[in-house]
Amino acid sequence: MITSSSTPESVAQAEEILREAQRWRQQIPGDLHEHVVEAIYSQAARLASRAVTRPGLAAQPTLDRTIDRIVTSRMWGFPIMLLLFALMFWLTISGSNVPSGLLASLLVDQLYPMLREGATSVGFPWWLRGVLVDGMYLATAWVVSVMLPPMAIFFPMFTLLEDFGYLPRVAFNLDHLFKKAGAHGKQSMTTMMGFGCNAAGVVATRIIDSPRERLIAIITNNFALCNGRWPTQFLIATLFIGSLVPAHWAGLVSAGAVTGVAALGIGFTLLSAWALSRTVLKGEVSTFSLELPPYRPPRIWQTLYTSLIDRTMFVLWRAIVFALPAGAVIWLSANIHVGGNSIAEHLVGGLDPVALFVGLNGVILLAYIVAIPANEIIIPTILMLTVMVTGSHEVGQGAGVMFELDSDQAVKSLLTAGGWTTLTAVNLMLFSLLHNPCSTTIYTIYKETGSARWAALAALLPLGMGFLVTFLVAQIWRFFS
Amino acid sequence: MLPLIFIICACAFGLWICWPKVGLLARRTQARLLAARSQREDVLKHVLKCEVNKQPPTINSVAGVLGVTPNRAADLLSGMEQRGLISHQDGCLHLRPSGRELAMHVVRAHRLWESYLADQTGVAEAQWHPQAERQEHLLSPQQTEALAAQLGHPLRDPHGDAIPAAGEELKSDVGQSLNTASLNVPLLIGHIEDEPEAIFAQLSALGLRPGMKACVTGKSEGEVRLWADGREYKLSPILANNIAVVPLPEVRAEDLFGEEFLDRLKTGERARVVALSPACRGPERRRLLDLGFVPGTIVEVEMTSPLNDPVAYRVRGSVVALRSEQARLIQIAREVTVPATA
């Protein structure tokens, strides 16, 4: 630019030079940028040919090529993929049972009574002890014990596969499906990540370099059934769906029901990606490129470290930040009484008409409202609220205190007393798949997109679909029975 | 208590409506003023385009362009005459100097904005024209100059229209309609008309862009067959009429038919990149260049996805997957001359 100290003469001179440059530029055939890129590449190739020697053809990456031919072959590509992911989920679910139980017994069974006693002996009034220990501490303890072990197993395994170079091949195999939905093949990787945790899945969409496809991946990530929702699915499927068939089929049928819900989630992912790319995201930028890096032995320790710090701790920290106030709200709503009934009871009564209309009940809806911070506390909250509403005080630990029952049968009889039918169970499973993402995820979406509008869309789209689907199921169900 | 709340609400409501600059009334006035100005500028643009293409503008043609009744158009034109933008002479509309200057600015802003959308944002092609139709009324002359400088003073917009330099004459549309082009003569697609939108959307969905080399291979009742970028397009005469072409005497028809594109390459085959099609532009073009698909590069098909698309290519030592509609934008030659670098 022309500086302020320049004389009129030099200004005129500079303008003449600029005009001259413009004239020359217009005489260049084709695009200037292109010529520059071409020149850079040929210069780089010249330098490389002088400095790099290639002894024969031995440098041909034959092992890579063999692996690639197998994992992307028509015959073996998809079976290998399914097998690997089934293995990963199985390891996550079965492997996290034991540490989850240990954490729960440490944080809930041992530390919780100690804290309660400690608070009493220090002289806290009952309400302060209730908010801090029964509300905030217990909610956080649930979230940590349910969330931490699966994430600490799933994320490192995922990162190892990523590091090895297999995940880009999955994107390569599946891209055609995603292309038909108007999305990017790399979304298969972020969806997979979403099965671990939606917040982590949303962060993982950074690998998609095309803005439109990235937004699609962010908004639809919630349709991947996350870790916090798997336990709900398994419990409800075992109690209500598995019990519909003879005992020796029960395990298979309930597992099938959960898999069906997860598959439905993938269907909704593709469907809403298709709809989004043709409506609200029509004008956004779209490019495609997928690099398939060479395979390399994963760096195990580094991977463990980064996945624990970057993903697990990141997600856990946000979940804790949101679970603390949620615990307080749950406890307060169950313990502040207005006109003889607690706020929670009023809310359940108010939500009941809408909820029953779509085949759920007020307790479920209220649980989903107070459990926005973390899906993990849905079942404990539902149990606590059901006890409060039905007044069956032989179970539970008092108003506003979340708990889980050891025996499945006890849970079922409690829920049946709360008016649950098979329809309620089916719709709860559907609603667990199709509702707003947890607040951690919503906040992450807001951070990643930088827009409250997209965050709102990502929250309201699945919620609207959830009400629509449960409503339709309820209508059809009632029509046939 | 209740009256107080009512008064506060009423005050808030009143302020929301009457607040200067951001209130509802002020916004409405601004929007109305902008709409009126946009309409005037659209008329000027229409008259200018008619002038350079030697078609006389009439009240009816103005009404047609604006989508209003002829009576409304007549009102508008007399208002513009009072403002000194146009004049009626010999029963014909003419631009006064101030009107001409404004019209040139609007055309320049429109075409520059289209170039900006095409080259720098990657906004879908069908959106370029509608967005530029809005933006042309919002850009000031200074902003237009800054935009031109940022884009490197482009000469043509993405539809192939010349972008007039500030203070320069507008050039008339070049080339003949594809319908009148003779058979088997190499042609350059010089311009694709962006109005009406539905026709343009169909052409852009087919992948036809200005700058492509093409050749009419057959004509029949209700169909024009066009060869471009290694494939045949069947167009209805209505579509073909919106494509303007100029002959390319220095290109032979055989060369045109011999052009091959990357999507035809089979697994294990090698080829040399000749060029990127002009149909590939903006961020997508830069992305391909950055990945190493520059003229002279040797490309080899590494593997094909189980669903046939995408295909992975080995280019300069790395493996990159492209979708078929991207691969068909890369022109290749089968004869692989061993480059000096190998």
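What counts, and at which threshold
Residues numbered from 1 in each chain as written. Chains lettered and ligands numbered in written order. Predicted model: local features only at pLDDT ≥ 70, side-chain atom pairs only at ≥ 80, totals over all residues. Heavy atoms only, no water. Pairing = 2+ DSSP bridges. Helix = DSSP H or I, 4+ residues; strand = E, 2+ residues; numbered from the N terminus. Contact = heavy atoms within 4.5 Å. Axes fitted to C-alpha atoms, helices over the stretch in contact; angles between N-to-C directions. Phe/Tyr/Trp six-rings, centres within 6.5 Å; stacked < 30°, edge-to-face > 60°. Buried < 20%, exposed > 50% of the residue type's maximum accessible area, 1.4 Å probe, protein only. Lys NZ or Arg CZ within 6 Å of the ring centre and 35° of its normal. Domains from an automatic or database assignment. Buried area = accessible area lost by both parts, 1.4 Å probe. Salt bridge = Lys/Arg side-chain N within 4 Å of Asp/Glu carboxyl O. Polar contact = N/O pair within 3.5 Å; in protein donor to acceptor, adjacent residues only side chain to side chain.

**Looking at the sheet that holds strand β7 (residues 231-235) of chain B**
Residues and elements named next belong to chain B.
For step 1, the next point in the chain: Strand order in the open sheet formed by six strands is β3-β8-β4-β5-β6-β7, with antiparallel pairing between adjacent strands. Whereas interior strands pair on both sides, the edge strands pair on one side only; in this sheet they are β3 (176-177) and β7.
For step 2, the next point in the chain: Sheet topology places strand β6 (residues 223-228) next to β7; five bridges connect them, and they run antiparallel. Each bridged residue has a counterpart across the sheet, and for Val224 the counterpart in β7 is Leu235.
For step 3, the next point in the chain: Contacts from helix α8 (residues 197-206) reach β4 (186-192), β7 and β8 (243-247) within the one sheet, and its direction differs from that of β7 by about 165°.

**Side note on the packing of aromatic side chains**
All names here are of chain A.
For step 1, the next point in the chain: Taken as a whole, this structure holds 15 aromatic pairs over all chains when the rule is applied.
For step 2, the next point in the chain: Plain terms: the ring middles of Phe357 and Phe471 are 5.2 Å apart, the flat faces sit at 40° to each other, and that makes the pair tilted. One end of the pair, Phe357, is in helix α13 (residues 343-357); the other, Phe471, is in helix α19 (residues 452-480), and 114 residues separate them in sequence.
For step 3, the next point in the chain: Overall, Phe471 belongs to the partly exposed group, its relative accessible area being 26%.
For step 4, the next point in the chain: Ring plane angle 65° and centroid distance 5.5 Å describe the contact between Phe431 and Phe467, whose orientation is recorded as edge-to-face. Residue Phe431 is found in helix α17 (residues 422-433), and its partner Phe467 is found in helix α19; the two are separated by 36 residues along the sequence.
For step 5, the next point in the chain: Residue Phe467 is classed as partly exposed on the basis of its relative accessible area, which comes to 27%.
For step 6, the next point in the chain: The rings of Phe154, Phe155 and Phe158 are connected pair by pair, giving a single aromatic cluster.
For step 7, the next point in the chain: Between the NZ or CZ atom of Arg169 and the centre of the ring of Tyr295, over which it lies, the distance is 4.2 Å.

**Observations regarding the domain arrangement of chain B**
Residue and element names in this part refer to chain B.
For step 1, the next point in the chain: Parsing chain B into structural domains produces domain 1 (18-172), domain 2 (176-252) and domain 3 (260-334).
For step 2, the next point in the chain: Just the C-alpha atoms count here: the centres of domain 1 and domain 2 sit 28 Å apart.
For step 3, the next point in the chain: At the junction of the two partners, domain 1 supplies 10 residues and domain 2 supplies 10 residues.
For step 4, the next point in the chain: Carbon and sulfur atoms supply 50% of the area buried between domain 1 and domain 2, which totals about 860 Å² over both sides.
For step 5, the next point in the chain: When residues of domain 1 are sorted by the area they lose upon contact with domain 2, Glu125, His129 and His159 head the list and together hold 62% of the total.
For step 6, the next point in the chain: Along the contact surface separating domain 1 from domain 2 lie zero salt bridges.
For step 7, the next point in the chain: In this structure, the connection of domain 1 to domain 2 is made through five residue pairs in polar contact (both at pLDDT 80 or more).
For step 8, the next point in the chain: The set of elements that each furnish at least two residues to the side of domain 1 that touches domain 2 consists of α5 (97-121) and α6 (125-135).
For step 9, the next point in the chain: The greatest single-element share of the side of domain 1 that touches domain 2, amounting to four residues, is contributed by α6.

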